[in-house]
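# Examination of the molecular architecture
In case you want the letters, here they are:
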Amino acid sequence: AVQLAESGGGSVRAGGSLRLSCAIAKTTHCHYDMSWYRQAPGKERELVSGIDMDGTTRYADPVKGRFTISQNNAKTLMYLQMNSLKPEDTAMYYCKATLASGIRGFCGSDAWGQGTLVTVSS
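This one's a predicted model, so the numbers in the text were calculated from it and none came from an experiment.

Rules behind the numbers
- Residues numbered from 1 in each chain as written.
- Predicted model: local features only at pLDDT ≥ 70, side-chain atom pairs only at ≥ 80, totals over all residues.
- Heavy atoms only, no water.
- Pairing = 2+ DSSP bridges.
- Helix = DSSP H or I, 4+ residues; strand = E, 2+ residues; numbered from the N terminus.
- Axes fitted to C-alpha atoms, helices over the stretch in contact; angles between N-to-C directions.
- Salt bridge = Lys/Arg side-chain N within 4 Å of Asp/Glu carboxyl O.
- Buried < 20%, exposed > 50% of the residue type's maximum accessible area, 1.4 Å probe, protein only.
- Contact = heavy atoms within 4.5 Å.
- Phe/Tyr/Trp six-rings, centres within 6.5 Å; stacked < 30°, edge-to-face > 60°.
- Lys NZ or Arg CZ within 6 Å of the ring centre and 35° of its normal.

## Focus: the sheet that holds strand E1 (residues 2–7)
Ordered in space as E1-E3-E8-E7, the four strands form an open sheet in which the pairing is antiparallel. With partners counted over all chains shown, the strands left at the sheet margins are E1 and strand E7 (67–71), one partner each. Between one strand and the next, the sheet's axes are offset by a mean angle of 15°, whatever the strand orientation. Pairing analysis gives six bridges linking E1 to strand E3 (residues 18–26), with the strands arranged antiparallel. Residue pairing for E3: Val-2 is matched across the bridge by Lys-26.

Structure below.
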């Protein structure tokens, strides 16, 4: 099983920076691919960035060059460093875990955090 908790959201001006954190509490021998999603009012939830169990990263086109995803060595924390923020980045940001290695009955298949709100004003 895995539990996620996001933090670090807030209100900033365009051009500013924020660092989001996701605390990961997981069961031994359960391993996950991790990702950040966001959802703006009236829009579908979209993938922002991901980092697989092997360290491979990916980014949605609108955030390439501005956002950086990372994890600590123990994989108990995941970060999203957001620079050069734009008003269109305003959204609720969610941390997601997807089981990559482990027994599904013990580890679960996926999990979401509660979300943290990012508001960027012009």
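## Looking at the pattern of salt bridges
Scanning the entire structure with this criterion turns up five salt bridges. In this structure, Asp-61 and Lys-64 form a salt bridge, with 2.9 Å as the shortest nitrogen-oxygen distance. Given a relative accessible area of 61%, Asp-61 falls into the exposed group. Across the salt bridge formed by Asp-89 and Arg-66, the nearest N and O atoms sit 2.8 Å from each other.

## Some words on the environment of Ala-40
Relative to the assigned elements, Ala-40 resides in the loop between strand E4 (31–39) and strand E5 (46–51). Not counting the four nearest positions on each side in its chain, Ala-40 is found in contact with Thr-90 and Ala-91.

## Description of unusual backbone geometry
Of note in the backbone geometry, His-29 takes a positive phi value of approximately 80° without being a glycine. On the secondary structure map, His-29 appears in the loop between E3 and E4. On the accessibility criterion, His-29 (63% relative accessible area) is exposed. A positive phi is found at Ser-84, a non-glycine position, where the angle reads about 50°. Tracing the chain through its elements places Ser-84 in the loop between strand E8 (77–82) and strand E9 (91–101).

## Topic: the packing of aromatic side chains
This structure, assessed with the given rule, holds two aromatic pairs. Their ring planes at 65° and their centres at 5.0 Å tell us that Tyr-37 and Trp-112 sit as a pair that is edge-to-face. Of this pair, Tyr-37 sits in strand E4 while Trp-112 is found in strand E10 (residues 110–112), placing the two residues 75 residues apart along the sequence. Look at Tyr-37 and you get buried, because its relative accessible area is 17%. Assessed through its relative accessible area of 34%, Trp-112 is described here as partly exposed. For the ring pair Tyr-94 and Trp-112, a centre distance of 6.3 Å and an interplane angle of 85° mean the geometry is edge-to-face. Pair noted here: Tyr-94 is in strand E9 and Trp-112 is in strand E10, with a separation of 18 residues, a long-range link. Given a relative accessible area of 13%, Tyr-94 falls into the buried group. Following the ring pairs from residue to residue traces out a cluster consisting of Tyr-37, Tyr-94 and Trp-112. The ring centre of Tyr-94 lies 3.8 Å from the NZ or CZ of Arg-45, which sits over that ring.

Honestly, it's all geometry; don't read function into it.
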